[in-house]
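Examination of the molecular architecture
The residues making up each chain are set out below.
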Amino acid sequence: MSESRTSADGGMETSYGFREVPDGQKQGLVNQVFHKVAKRYDIMNDVMSMGMHRAWKDAMISALNPRKEPGYKILDVAGGTGDIAFRIVEASGRQAHATVLDINGSMLGVGAERAEKKKLSGNLTFVEANAEELPFEAGSFDAYTIAFGIRNVPRIDAALSEAYRVLKRGGRLLVLEFSEVDMPLLDKIYDAWSFNAIPQFGKAITGDAEPYQYLVESIRKFPNQENFAAMIRQAGFSRVTFTNYTGGIAALHSGWKL
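Residues numbered from 1 in each chain as written. Predicted model: local features only at pLDDT ≥ 70, side-chain atom pairs only at ≥ 80, totals over all residues. Heavy atoms only, no water.

The name given to the protein chain in an unreviewed UniProt entry is Ubiquinone/menaquinone biosynthesis C-methyltransferase UbiE, with the source organism recorded as Rhizobium indicum. You can read under Function (unreviewed entry) in the UniProt record for the protein chain the words "Methyltransferase required for the conversion of demethylmenaquinol (DMKH2) to menaquinol (MKH2) and the conversion of 2-polyprenyl-6-methoxy-1,4-benzoquinol (DDMQH2) to 2-polyprenyl-3-methyl-6-methoxy-1,4-benzoquinol (DMQH2)." Checking UniProt for the protein chain, the heading Sequence similarities (unreviewed entry) contains the comment "Belongs to the class I-like SAM-binding methyltransferase superfamily. MenG/UbiE family." (UniProt positions renumbered as here; feature names shortened; annotations may be inferred.)

Quick look at the UniProt feature "binding site: S-adenosyl-L-methionine" (unreviewed entry) in the protein chain
When the UniProt feature table is mapped onto this chain numbering, "binding site: S-adenosyl-L-methionine" (unreviewed entry) sits at Thr81, Asp102, Asn130 and Ala131. Lining residues of the largest cavity drawn from the annotated set just named are Asp102, Asn130 and Ala131. Residue placement: Asn130 occurs in the loop between β5 (124-128) and β6 (141-147). Those residues in contact with Asn130 that sit more than four places away from it in its chain are Leu101 and Ile103. Within the local environment of Asn130, its side chain forms a polar contact with the backbone nitrogen of Glu132, the two atoms lying 2.9 Å apart. Secondary-structure assignment places Ala131 in the loop between β5 and β6. Overall, the relative accessible area of 9% leaves Ala131 in the buried class. (1 Å grid on protein atoms, 1.4 Å probe; cavity = no way out; pocket = protein on both sides within 12 Å on 5 of 7 lines; lining within 4 Å. Helix = DSSP H or I, 4+ residues; strand = E, 2+ residues; numbered from the N terminus. Contact = heavy atoms within 4.5 Å. Polar contact = N/O pair within 3.5 Å; in protein donor to acceptor, adjacent residues only side chain to side chain. Buried < 20%, exposed > 50% of the residue type's maximum accessible area, 1.4 Å probe, protein only.)

Some points on the pattern of salt bridges
When their charged atoms lie close together, side chains carrying opposite charge are able to pair. Applying the stated criterion across every chain, the model contains 13 salt bridges. With a closest N to O distance of 2.9 Å, Arg94 and Glu90 form a salt bridge. Residue classification places Glu90 among the partly exposed residues on the basis of a relative accessible area of 39%. Here Arg155 and Glu132 are joined by a salt bridge, their closest N and O atoms 3.0 Å apart. With Arg155 in the loop between β6 and α6 (156-166) and Glu132 in the loop between β5 and β6, this residue pair connects regions lying 23 residues apart in the sequence. Owing to a relative accessible area of 11%, Glu132 belongs among the buried residues under this scheme. Here the salt bridges do not stand alone but share partners, grouping Lys57, Asp58, Asp83, Arg87 and Arg114 into one network. (Salt bridge = Lys/Arg side-chain N within 4 Å of Asp/Glu carboxyl O.)

Some thoughts on helix α4 (residues 83-91)
Of all nine residues that make up α4, seven are buried, and the element is covered over most of its length. Every buried residue belonging to α4 is among Asp83, Ile84, Ala85, Phe86, Arg87, Ile88 and Val89, and all of these are buried. Gly93 sits one or two residues past α4 and shows a positive phi near 70°.

Considerations on empty space enclosed by the protein
Inspection of the entire model under this criterion finds three cavities of 30 Å³ or more. Reported here for the largest cavity is a volume of approximately 240 Å³. Every residue lining the largest cavity is counted, 21 residues in all, and those nearest its centre are Ala78, Asp102, Ile103, Gly149 and Asn152. Put simply, the parts of the chain that give the lining of the largest cavity at least two residues each are α1 (26-37) and β4 (97-102). Among the elements that make up the lining of the largest cavity, the one with the highest residue count is α1 (four residues). Taken together, the residues of the lining of the largest cavity sort by class into 13 nonpolar, six polar and two charged. There is about 90 Å³ of room inside the second largest cavity. Lining of the second largest cavity is provided by 13 residues; of these, Tyr41, Ala78, Gly79, Ile84 and Ala147 occupy positions nearest its centre. Contributions of two or more residues to the lining of the second largest cavity are made by α2 (41-49), β3 (73-77) and α4. (Points joined across faces, edges and corners; volume = space filled by probe spheres on them. Nonpolar A, V, L, I, M, F, W, Y, C, P; charged D, E, K, R; others polar.)

Put into structure tokens, the structure is as follows:
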């Protein structure tokens, strides 16, 4: 299969890393990956981002700037372990209510345990569901966030359309995702790290390199910044922008439902 990135026209639906799979099979394969890594998910993110994911996530929360008032409702998708939702609740002065949605029950189990330990359970609801078919009424949320999860959704266009549907007028979409490095030397270093080191670290940490191989390959298949911004516009969002982090290793995309 071609290692080139998919475009705004699609292609992630049948892309399991660099391997082409029949339509409808990707979700099950991705589920297996996250069942395997759920308990070590934070370590996985540290390995894949060289520890930078924490700073990127903090920058995402700063960009969101959640309101410090009761009734502020956010939906964090593919956020089973609660990492983004916890940050948002704390940034709101523990006023916000975050619904954490994930298709993977193992990830949600980790998040619920962490919420109890942080005494944040009253600010959080955990929901097992598919990002392509959200079980919420239209106009339910002030913000929709998803960090390092959109590339694992088979039908990205459907997920973005659902994000638009469930947001209130004036609501904001924020998507943090690994993206295309735009610095010539950094891209070579990052490629060497990704394809040589990350699967080996994954094997050492979890005993299985295959999930990490998929995750590395999925980053290279995901649309670049401009193409993904085009997909967000196609879903109906306005004032769509993106900000590169660490030379484009990751990018934060923003859109508004106006």
